[in-house]
Every structure is written in C-alpha cells, then in structure tokens.
Amino acid sequence: MLIRYKKHYEKIAMGLLSFMPKEKNLNNLRATMKKYEADPNYKLYLWKHEEDMIGIIGIYVQGDSIQIEHVCVNPSHRQQGIGKQIVKALSAEYPTKNITASEDTMNFYDKCFCTIENSVEQR
Ligand SMILES: CC(C)(COP(=O)(O)OP(=O)(O)OC[C@H]1O[C@@H](n2cnc3c(N)ncnc32)[C@H](O)[C@@H]1OP(=O)(O)O)[C@@H](O)C(=O)NCCC(=O)NCCS
C-alpha cells in the first residue's frame, strides 16, 4: 500500500532512497530530502507491507505529467514483484496523468511497462 511521506518517516525514507546510486552520497541525499519536503511538486510515497516500510517512490508532478525520480525496494524484499507493484499503484493513484521516468529510473520503468514513453524532459 502506498503511504504519503510524513516527516516522522524521514529516517526510513532516507535509508530507502540511499539505494539509488546517486543518493549514496549523503550531501545529495540530504538535498533530495529537502526537495521532497519543501517543493510541493515533488512527492514521496512509501510502500507499506504488513507493518514495514519496504519501498519508496518519488515523483515530480508538473501539469498533466508525472516523472518518476526515485524508486527503491529494500534488498531483503527484492525480486518479489514489489517494485512493479509500487509503480502500478502510483499509476492507479494518478489515473489521468501521463507517467514517465527520469534517466535514473527509466531502466526499471521500462521493465514495468513495455509501452512506455521514456522521458528525459528538460525542466
Ligand atoms: C529497481 C528496484 C526498485 C526493483 O525492485 P524489485 O522489487 O526487486 O522489482 P520487481 O521484483 O518488481 O522486478 C524485478 C525485475 O526488475 C529488474 N530490475 C531490477 N533492478 C533493475 C534496474 N536497475 N534496471 C532495470 N531492471 C531492473 C530485475 O532484473 C527483475 O527482472 P525480471 O522480472 O526480468 O527478473 C530495486 O532493485 C532497487 O531498489 N534498486 C536500487 C535502486 C535503484 O537503482 N532504482 C532505480 C532503478 S532504474
């Protein structure tokens, strides 16, 4: 189940985001968290499985489009379809939006949907 990020999930969210290659650098990770907390166009959702937060997805919303900026699953829960479920749940949450992937998430997004519009939009 997708859960909207709240400040009290900060540590778990940072831990999950740090699985993205670019977010292994702590300064990058802090800047990313700040963006999700301060900019209303950036939104973060955690994936709750039973009582645990085991995944995360971060998006940038602009008009009719959504770009997936981050998608991560805890290594102990990988290869079980969770990542794909997260992406599908996100599209269900925004049924009228055109969902695209950033350069950093497009490889996995391509796996989720074969007919995807790969977006490397300039903004
Ligand atoms: C990418 C990630 C979210 C997938 O989570 P998951 O729950 O294991 O995904 P699923 O079980 O739904 O799907 C697994 C499939 O995705 C593929 N996959 C995993 N990581 C991938 C990647 N970086 N790019 C493309 N495909 C990837 C697996 O090879 C597997 O393929 P298969 O179905 O042909 O066997 C997870 O590996 C992760 O957190 N990676 C680190 C963060 C990251 O790099 N995110 C951006 C990825 S572009």
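Source: prediction; values computed, not measured.

Rules used in this analysis
Note that residues are indexed from 1 along each chain, following the sequence as it is written. For this predicted model, a pLDDT threshold of at least 70 governs which residues receive local features, and a threshold of 80 or more governs which side-chain atom pairs are given and counted, while totals over whole chains, interfaces and linings are taken from all residues. Side-chain metrics rest on all non-hydrogen atoms present in the structure, leaving aside hydrogens and water. Residues are counted as near a molecule or strand when any one of their heavy atoms sits within 4 Å of it. For this analysis, a polar contact is any N or O atom pair within 3.5 Å, provided that within protein one partner can donate a hydrogen and the other can accept it, and provided that sequence-adjacent residues contribute only side-chain to side-chain pairs. Residue-level accessible areas treat just the shown protein chains as cover; the underlying method is Shrake-Rupley with a 1.4 Å probe. Only DSSP runs of H or I reaching four residues or more are called helices, and only runs of E reaching two or more are called strands; each is numbered from the N terminus. Here is the rule: rings of Phe, Tyr and Trp (six-membered ring for Trp) pair when centre to centre is within 6.5 Å. Planes less than 30 degrees apart are stacked, more than 60 are edge-to-face, and the remainder are tilted. Only protein chains enter the accessibility calculation, which uses a 1.4 Å probe; a residue is then buried when its area is under 20% of its type maximum, exposed when over 50%, and partly exposed in between. By definition, being over a ring means that NZ of Lys or CZ of Arg is both within 6 Å of the ring centre and within 35 degrees of the ring normal. Residues grouped as a nonpolar core are buried Ala, Val, Leu, Ile, Met, Phe, Trp, Tyr and Cys residues, joined through side-chain atoms within 4.5 Å. Any two residues whose heavy atoms approach within 4.5 Å are treated as being in contact.

S.K.: Can you walk me through the site of the ligand in this structure?
M.R.: In the region of the ligand, 18 residues are neighbours, and Val73, Gln79, Gly81, Gly83 and Lys111 sit closest. One of the backbone nitrogen or oxygen atoms of Val71 is found 2.9 Å away from a nitrogen atom of the ligand. A distance of 2.6 Å separates an oxygen atom of the ligand from a polar side-chain atom of Lys111. In the complex, 72% of the free accessible area of the ligand, which totals 850 Å², lies under the protein chains. At the level of elements, β4 (65-73), α3 (82-93) and α4 (106-112) are the ones that each hand at least two residues to the shell around the ligand.

S.K.: Looking at this structure, how should I read the packing of aromatic side chains?
M.R.: The relation between two aromatic rings is expressed through the spacing of the ring centres and the mutual angle of the planes. With the rule as written, the count across this model stands at three aromatic pairs. Ring geometry for Tyr45 versus Tyr94: centroids 6.4 Å apart, planes at 80°, classification edge-to-face. Residue Tyr45 is located in strand β2 (residues 42-49), and its partner Tyr94 is located in the loop between α3 and β5 (98-101); the two are separated by 49 residues in the primary sequence. Each member of the pair, Tyr45 as well as Tyr94, carries the same accessibility label: buried. Through successive ring pairs, a cluster of aromatic residues spans Tyr36, Tyr42 and Tyr60. Seen from the ring of Tyr45, Arg4 lies directly overhead, with NZ or CZ sitting 5.6 Å from the centre. If you follow Arg78 out to its NZ or CZ, it ends over the ring of Phe19, 5.2 Å from the centre.

S.K.: Explain the nonpolar core here, please?
M.R.: Generally speaking, soluble globular proteins have nonpolar side chains that are buried together. Grouped together as the largest cluster of nonpolar side chains are 21 residues, with contacts concentrated most on Ile57, Ile59, Ile68 and Leu90. Counting residues per element, the ones that place at least two in this core are β2, β3 (52-62), β4, α3, β5 and α4. Not counting residues within four places of it along the chain, the set of residues in contact with Ile57 comprises Leu2, Lys43, Leu44, Tyr45, Ile68, His70, Val71, Ile86, Val87 and Leu90. The next biggest cluster of nonpolar side chains, apart from the first, holds 18 residues, and it includes Met53, Ile56, Tyr60 and Cys72.

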